[in-house]
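# Examination of the molecular architecture
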Amino acid sequence: MKIKSEGSGGSGPGNADKKVPNPAYDELLHFYEGKIAALRHARDALETAKPAMTPPTTPPANGSDRGGSQQQDNQRCRALLALELLTELIDDMTMGVVFDTHFEAKQGISVCANCSTSGSDMCECLNCQRSFPAARFASHMDKCMGLSSRRTATRR
Amino acid sequence: MLSETGGIREELLKRFIESGERERLQEIMRTKLHTSGWQDRVKDKCQKIVHENADRIEKLTVDDIAEEVTPFARSSVPEDIKAEILEDIRAFIFRALPETDN
């Protein structure tokens, strides 16, 4: 796909030495170069960690080897421990999302014991005429009616 | 050292939390994951799971959703973010347990 440009900075062969400034291209180039650098960095880190994470193929033959494989065991333990801590961090973040989704799902099926209004019934705001599900109505009115602290309020 | 791994492991986990390092890395990772769109992807997947179980939604537990989304969430983390945080963790472990040549 040729990007056509007006004026003398064209794409003809005579203008090969004149570069057409293209900020969008530069930005994309910079972005992808950053990505490539990050991936290279990741690959190098994994290469360094690989020996520690590979299980031993042969058992130590004699006593003099024991120091070496002890060192390897240590390295392997560290690597596995690091992976374990990382996985814990990821799982923590996942659970945050899971709880939110679960809560929203359960709100949708909640029903008022008094008046049998479903949690997903819509109510219209008296102030701004927008519609909200019952469960979010109160917090919107709170901000819209301005009775609790307004940070930035536009009076209509 | 290997025979004491149990006690040392617990000690290290404790130090990881108490030093504030875990929280620091958690925050860094949270920002990176959010920017990369990972949170949105996991949220979508969770909502899909909820819809798939719409018929038994009253009995749907947090554990049900977690069990189904965890493999996806773990594998969906971009490799460069994983490697970055992993390096920080390995550096922490190295500082806490300096290598000994015995």
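Up top you'll find the structure we're talking about.
Below is a short write-up of the structure. (Residues numbered from 1 in each chain as written. Chains lettered and ligands numbered in written order. Predicted model: local features only at pLDDT ≥ 70, side-chain atom pairs only at ≥ 80, totals over all residues. Heavy atoms only, no water.)

### Side note on the overall build of chain B
Of regular secondary structure, chain B possesses 5 helices and 0 strands. Starting at the N terminus, the α and β elements of chain B follow one another as α-α-α-α-α. Here chain B, with 102 residues, has 37% of them falling under the buried criterion. Put simply, of all contacts in chain B between residues at least 6 apart along the chain, 69% involve residues at least 24 apart. Accessible surface, chain B as shown: approximately 6,200 Å² in total, 50% of it carbon and sulfur. (Helix = DSSP H or I, 4+ residues; strand = E, 2+ residues; numbered from the N terminus. Buried < 20%, exposed > 50% of the residue type's maximum accessible area, 1.4 Å probe, protein only. Contact = heavy atoms within 4.5 Å. Areas by Shrake-Rupley, 256 points an atom, 1.4 Å probe, with all protein chains shown as cover.)

### Focus on a negative patch on the surface
All names here are of chain B. Residues E52, D63, E67 and E68 make up a contiguous surface patch of negative charge. When residues in the negative patch are grouped by element, the largest group, 3 residues, is from helix α4 (residues 62-75). One can find E67 in helix α4. Judged by relative accessible area, E67 falls into the exposed class, the value being 65%. (Patch = residues over 30% accessible without salt bridge, like charges linked within 9 Å, V, L, I, M, F, W, Y side chains within 5 Å. Salt bridge = Lys/Arg side-chain N within 4 Å of Asp/Glu carboxyl O. Lys, Arg positive; Asp, Glu negative; His and termini not counted. Charge placed at Lys NZ, Arg CZ, Asp CG, Glu CD.)

### Re the interface of chain A and chain B
If you look at the interface, chain A gives 37 residues, while chain B gives 49 residues. In terms of surface lost to chain B, no three residues of chain A exceed R78, L89 and M93 of chain A, which account for 18% of the buried area on that side. Our count for the chain A to chain B interface comes out at 5 salt bridges. Joining chain A to chain B, the criterion identifies 10 residue pairs in polar contact (both at pLDDT 80 or more). Elements represented by at least two residues in the side of chain A that touches chain B include exactly α1 (23-53) and α2 (66-108) of chain A. A total of 29 residues in the side of chain A that touches chain B trace back to one element, the largest contributor, which is α2 of chain A. (Buried area = accessible area lost by both parts, 1.4 Å probe. Polar contact = N/O pair within 3.5 Å; in protein donor to acceptor, adjacent residues only side chain to side chain.)

### Digging into the packing of helix α2 (residues 21-35) of chain B against helix α5 (residues 79-96) of chain B
Geometry of a packed helix pair, given as the angle between the helix axes and the separation of the axes. All names here are of chain B. Contact geometry for α2 and α5: axes closest at 10 Å, N-to-C directions at 170°. Relative to α5, α2 is oriented roughly antiparallel. Within the contact between the two elements, α2 uses E21, R24, L25, I28, M29, K32 and L33 and α5 uses I81, E84, I85, D88, I89, F92 and R95. Grouping the amino acids of the contact of α2 with α5 by side-chain chemistry returns 8 nonpolar, no polar and 6 charged. (Axes fitted to C-alpha atoms, helices over the stretch in contact; angles between N-to-C directions. Parallel < 35°, antiparallel > 145°, perpendicular 65-115°, else oblique. Nonpolar A, V, L, I, M, F, W, Y, C, P; charged D, E, K, R; others polar.)

### Some details on the packing of aromatic side chains
All told, the structure shown has 2 aromatic pairs over all chains when counted by the stated rule. When the ring of F31 of chain A is compared with that of Y32 of chain A, the centres are 5.1 Å apart and the planes differ by 70°; the resulting orientation is edge-to-face. Both rings, one in F16 of chain B and one in F92 of chain B, keep their centres 5.0 Å apart while their planes meet at 50°; by these two values the pair is tilted. Placement of the pair is F16 of chain B in helix α1 (residues 5-18) and F92 of chain B in helix α5, with a sequence separation of 76 residues. The same class applies to F16 of chain B and to F92 of chain B, which are both buried. Residue placement shows K45 of chain B over the ring face of F72 of chain B; its charged tip is 5.6 Å from the ring centre. (Phe/Tyr/Trp six-rings, centres within 6.5 Å; stacked < 30°, edge-to-face > 60°. Lys NZ or Arg CZ within 6 Å of the ring centre and 35° of its normal.)

### Let's talk about the state of the cysteines
All names here are of chain A. By the definition in use, this model includes 0 disulfides over all chains. The structure places no disulfide on C128, whose sulfur is separated from the nearest cysteine sulfur, that of C125, by 3.6 Å. Since its relative accessible area comes to 15%, C128 is described here as buried. (Disulfide = S-S within 2.5 Å.)

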